[in-house]
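The primary structure of each chain is shown beneath.
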Amino acid sequence: MESSQASFDLESLQSEKSGSGATAGGPETADIVLRDYQMEVAGPALEGKNIIICLPTGSGKTRVAVYVAKKHLDCMREEGRLGKVVVLVNKVPLVDQHYRTEFGKFLKHKYKVERVSGDSQLKISFTEVVKKNDVIICTAKILENYLERSNKGEDEGVDLKDLSLIIIDECHHTQKGEVYNQIMMRYLKQKLKNEKLKKEQKETIPLPQILGLTASPGVGKATVLAKAEDYILRICANLDAYKIMSWGLGDEKREPYKTIALVEYRKQDPFGDVIKTIMDAIHVHAELNPTSDLGSQNYEQWVIQEERNAAKEENQKVRVCAEHLRQYNEGLLLHDTIRMSDAFSFLNKYHEEEMKKKASPNDEEAIQITDTERFLFNLFRDKKEELLKLAENPEHENKSLSELRAKILYEFSSREEARGIIFTKTRRSAIALSQWIQDNSKFADIGVKASFFIGAGDQSGVKPMTSTEQKEVLNKFHHGEINVLIATTVAEEGLDIPACNFVIRYGLVTNETAMIQAEGRGRAENSSYTVVDVQGSGVAEKESVNEYRKNMMHKAIHKIMSLNHDNYNKRIKEYQYQAVMEDRVKKMKMKQKSIKNASPSEVEFRCRGCSKYVCSGEDVQIIESMHRVNVSTEFSELFIRRENTSLRDRGLDYETNGFFACKDCGQNWGSMMQYRGIECPCLHVKNFVVTCNGKKISKCTKWNELAVKFTDFDYASWVSQNPEDEDTE
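A.B. asks: Give a description of the pattern of salt bridges that names residues and reports values.
C.D. replies: Under the criterion given, the structure shown has 38 salt bridges. Here lysine 358 and glutamate 373 are joined by a salt bridge, their closest N and O atoms 2.9 Å apart. One end of the pair, lysine 358, is in the loop between α12 (340–357) and α13 (371–391); the other, glutamate 373, is in helix α13, with 15 residues separating them in the sequence. Overall, the relative accessible area of 10% leaves glutamate 373 in the buried class.

A.B. asks: I'd love a proper account of the sheet that holds strand β24 (residues 695–697), names of residues and values included.
C.D. replies: In space, the four strands of this open sheet follow the order β15-β14-β23-β24, with antiparallel pairing throughout. Sheet topology places β15 (613–616) and β24 at the edges, where each strand pairs with a single neighbour. When strand polarity is set aside, the average angle formed by the axes of neighbouring strands in this sheet is 30 degrees.

A.B. asks: With reference to specific residues and values, describe the packing of helix α10 (residues 297–312) against helix α11 (residues 316–335).
C.D. replies: Two elements in contact, α10 and α11, have axes separated by 8 Å at closest approach and are oriented at 165 degrees. Between α10 and α11, the angle is such that the two are roughly antiparallel. Crossing hand, α10 versus α11: left-handed. Contact residues: Gln297, Tyr299, Glu300, Val303, Ile304, Glu306, Glu307, Ala310 and Ala311 in α10; Val318, Arg319, Ala322, Glu323, Leu325, Arg326, Asn329 and Leu333 in α11.

A.B. asks: Tell me about α13, and name the residues and values.
C.D. replies: Think of an α-helix as turning once every 3.6 residues; residues three or four places apart then point the same way. An ideal rise of 1.5 Å per residue puts 30 Å on 21 residues; α13 measures up with 29 Å between its terminal C-alpha atoms. The largest bend in α13 amounts to roughly 45 degrees and is located at lysine 384. Residues of α13 that are buried include every one of Thr372, Glu373, Leu376, Phe377, Leu379, Phe380, Leu387, Leu390 and Ala391, and no others.

A.B. asks: Report on helix α7 (residues 179–199), specifying residues and quantitative values.
C.D. replies: Taking 1.5 Å per residue, 21 residues should reach 30 Å; α7 reaches 31 Å between its end C-alpha atoms and fits that length. In the segment just after α7, glutamine 201 is the residue with positive phi, at about 55 degrees.

A.B. asks: Any details on the sheet that holds strand β6 (residues 209–214)? Residues and values, ideally.
C.D. replies: The strand order β3-β4-β2-β5-β6-β1-β7 describes an open sheet built from seven strands, whose pairing is parallel. The sheet is open, and its two borders are formed by β3 (113–116) and β7 (243–246), each paired with just one other strand. Neighbour-to-neighbour, the strand axes of this sheet turn through a mean angle of 15 degrees, independent of strand direction. Where strand β5 (residues 165–168) and β6 come together, four bridges link them in parallel fashion. By the bridge assignment, isoleucine 168 is partnered in β6 with glycine 212. Contacting β1 (51–54), β2 (85–89), β4 (135–139), β5 and β6, helix α3 (residues 61–78) crosses the sheet at an angle of about 165 degrees to β6.

The rules behind the values
- Residues numbered from 1 in each chain as written.
- Predicted model: local features only at pLDDT ≥ 70, side-chain atom pairs only at ≥ 80, totals over all residues.
- Heavy atoms only, no water.
- Salt bridge = Lys/Arg side-chain N within 4 Å of Asp/Glu carboxyl O.
- Helix = DSSP H or I, 4+ residues; strand = E, 2+ residues; numbered from the N terminus.
- Buried < 20%, exposed > 50% of the residue type's maximum accessible area, 1.4 Å probe, protein only.
- Pairing = 2+ DSSP bridges.
- Axes fitted to C-alpha atoms, helices over the stretch in contact; angles between N-to-C directions.
- Parallel < 35°, antiparallel > 145°, perpendicular 65-115°, else oblique.
- Left-handed = near helix turned anticlockwise from the far one by under 90°.
- Contact = heavy atoms within 4.5 Å.
- Expected span 1.5 Å × (residues − 1).
- Bend = angle between axes of the 7 residues up to and from the residue.

It is worth stressing that arrangement in space is one thing and function is another; only the former is reported here.
Here you go:
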């Protein structure tokens, strides 16, 4: 773009968004008015071309998309054709956000707008939703599932030809293996088929227009400009983009004042030393020789591999020691990030829960405690008081927290109204930092009101936030009831978070895309962006690399925008052919692999905790192509049920509210699931040692890593064979 035009003002745009376009009839009846730069980037899309719009966070990309969608539907209606717009997002909270603040707000008065996600309680199928509405906002996985159903010839499916415009939010995720790319691969294959049909003078299959939105496509692993250009061009190819349109990526955009706060590593660390002493004692007991420093990510990778090898070899002594070592290593990592008391609480809770596992729910059968487990429990018990005493001594508290405290106090004392986000690495540290702020009276005195904001997926040992809880926190942040969010990377992109005047990345650096997204959160006047880094951690160096990559990305985008169109098209076409060929080879390999799929009878499951035989693959059935269950009477006699108040997973036909564990050793095996009134033990494969064709599999953490086709659960058959479970009142 030519630099002669005025750059946009993010702050005034934000205030415009909050009360946007209000007329006497309210925002639902207001026309959408775009700014000059927004109209310019939207130009090719308004002509019906596929494009990627690349604009900084907070510059109104979604508003442009709403405008394009409206003009598209208006045009289709004028021509007497049926317009069908699907807006794809990669996070559940974005479905409701886009519906509430943008697409529903501006289009609902004229068109039928609906939202669908995993949280939706719609009683009609997605196919019906598509048929009955003009604009459908959904998670990408839902569309992909229904495209696949159509591909398999199932009654309820959706075809790309049913859609006239697909808007892809955060389109830089259109990469190998990601769901956006699976959808676009279907598109590209049909596009190439259409070219062949056209040559044969046959009727082609209509394809929807594509509009991609991103603040930062990134550069992948590129270290030079040419590779960065290739990386971005591949994204353009994946989205079949006629052009990538951007504005204000370089020096026109007002950026926050950026600093790196270097913290000296603590010279004395008695709390950490005690944990390391415990770990060394475990190394001796298990005859393990670590290859990395204790308290490092490399150590964690090493100990995970040791646990896998031990489980495969049925060496329970090493396996259980490796599990405990991993928790102590996590304790050391937490100790370097949050309070010693938080690290102690984490370790203490882990040991209490492990002890509970060994407590039988009744006195009929005692759960086995091995000599190694007794050694490990005693080891922590003997050091528990010393750790607690050290944790309560502020003299050796981690200096990163002192730096963070000073930074927050400065922001709130030097600004009339402070509002900020602190990004941290883990859910556990986000929760602990929020509690730390709430426990400190100095923060309350200057008006700091903090809350944590973490992901909704159940992927760690920390209870996730529900989407309702996420919405509640963001709503309070919008209205000033909360003025500091302590968030994991879930808050970096997409979510509608008000302009902040300070952003702190607390010992966390990922890639240049995440950095740009995080910087974009600090878009108010005179905002600051601070990285708190412990000397020797490498965070400052990574941040410098990200700055270099960000600048390289801007140059690459401008270079692509200035390419001769014939040259651009040639390169895009080559990448598309390459992507389709690679996908074909991948599918062929998967097909060959599926031919070699093991029969369920050739698969055995053994308890990861005590190695006892549990069941055969023939005993495992699958519900809704997702949940592997064993409902046999023989299996039910091998486990005990336990309550888990942190586990709450509800679907339309099933819900989970507890788990079951090995009757002999207390090893967790999976979750208890209520499916249409039947209690089904749902197995988690990571809790078992799997043998396939007589060969033990060392790494099997997800069911899709196991090439076995289990039989479908026959609900009617089960009910008819188990009449005693029916209501006999």
